[in-house]
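Notes for the structure review
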Amino acid sequence: MRTIYIRASTSDTKRATLAATVTMNDNLLPPFLIFKGAENGRIATKELPTYPEMCCYAMQKKAWMDEAMMMK
């Protein structure tokens, strides 16, 4: 078992949702990370292109897994 230490910020509201999904025939899909922000905002245009390609990334206003994110 691994321990992951998280540092809390005092006034910043950074958010992300991780969707770990498995198909009915036991295939593990790539991790899907949803960040809080706009689809054409700073994070989407400057940071996401630098992230590893092994995951799928998206932006959503509140970093929620909604219908639009589910369709991606």
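Scope of this entry: the structure provided in the associated data block. (Residues numbered from 1 in each chain as written. Predicted model: local features only at pLDDT ≥ 70, side-chain atom pairs only at ≥ 80, totals over all residues. Heavy atoms only, no water.)

**Focus on the overall build of the protein**
Test applied: Helix and strand definitions follow DSSP, with helices as H or I runs of at least four residues and strands as E runs of at least two, each counted in order from the N terminus. Using a 1.4 Å probe on the protein chains alone, a residue whose accessible area is under 20% of its type maximum counts as buried, one over 50% counts as exposed, and one in between counts as partly exposed. In what follows, a contact means two residues having at least one pair of non-hydrogen atoms within 4.5 Å.
What the protein contains, in helices and strands, is two helices and three strands. Helices and strands appear in the protein in the N-to-C order β-β-α-β-α. Counting every position in the protein, which comprises 72 residues, the buried fraction comes to 18%. When contacts within the protein are restricted to residue pairs at least 6 apart in sequence, those whose partners lie at least 24 apart make up 43%.

**Overview of the layout of surface pockets**
Inclusion rule: In this analysis, the protein atoms alone were mapped onto a 1 Å grid. Cavities are point sets where a 1.4 Å probe fits without being able to get out; pockets are open sets with protein on both sides within 12 Å along at least five of seven lines; lining residues have an atom within 4 Å of a point. Grid points are joined across faces, edges and corners, and a volume is the space filled by probe spheres set on the points. Only Asp, Glu, Lys and Arg are considered charged in this grouping, and only Ala, Val, Leu, Ile, Met, Phe, Trp, Tyr, Cys and Pro are considered nonpolar; every other residue, Gly among them, is considered polar.
In this structure, the largest pocket occupies an estimated 210 Å³ of space. Contributing to the lining of the largest pocket are Ala19, Thr21, Leu29, Pro30, Phe32, Cys56, Met65, Met69, Met70 and Lys72. Classifying every residue of the lining of the largest pocket gives eight nonpolar, one polar and one charged.

**Let's talk about the environment of Met70**
Along the polypeptide, Met70 turns up in helix α2 (residues 67-71). Judged by relative accessible area, Met70 falls into the exposed class, the value being 59%. Spatially, the C-alpha atoms of Met70 and Ala19 are 9.6 Å apart, while their sequence positions differ by 51 residues.

**What to know about the packing of aromatic side chains**
Note the cut-off: Classification of ring pairs rests on two measures: the distance between centres of Phe, Tyr or Trp rings, Trp counted by its six-membered ring, which must be within 6.5 Å, and the angle between planes, read as stacked under 30 degrees, edge-to-face over 60 and tilted in between.
What the rule picks out here adds up to three aromatic pairs. Look at Tyr51 and Tyr57: their rings are 5.4 Å apart centre to centre, the planes differ by 70 degrees, and that puts the pair in the edge-to-face class. Note on Tyr51: relative accessible area 27%, which makes it partly exposed. Taken together, the ring pairs connect Phe35, Tyr51 and Tyr57 into an aromatic cluster.

**A few points about the environment of Lys14**
Looking at where Lys14 falls in the secondary structure, it is placed in the segment before β1 (16-19). Overall, Lys14 belongs to the exposed group, its relative accessible area being 70%. Note: C-alpha distance between Lys14 and Gly37 (23 residues apart in sequence) is 9.4 Å.

**Regarding the sheet that holds β1**
Defined as follows: Two strands qualify as a pair provided DSSP detects at least 2 bridges between them. To get an axis, a line is fitted to the C-alpha atoms, and for a helix only the part in contact is used. The angle between two axes follows their N-to-C directions and goes from 0 to 180 degrees.
One open sheet holds the three strands; their spatial order is β1-β2-β3, and the pairing between them is mixed. On the outer flanks of this sheet lie β1 and β3 (56-60), each paired with one strand and no other. Recorded for the sheet is a direction-independent mean angle of 20 degrees between the axes of neighbouring strands. Here strand β2 (residues 32-36) runs beside β3; their pairing, made up of five bridges, is parallel. In the sheet register, Leu33 faces β3, and the bridge partner there is Tyr57.

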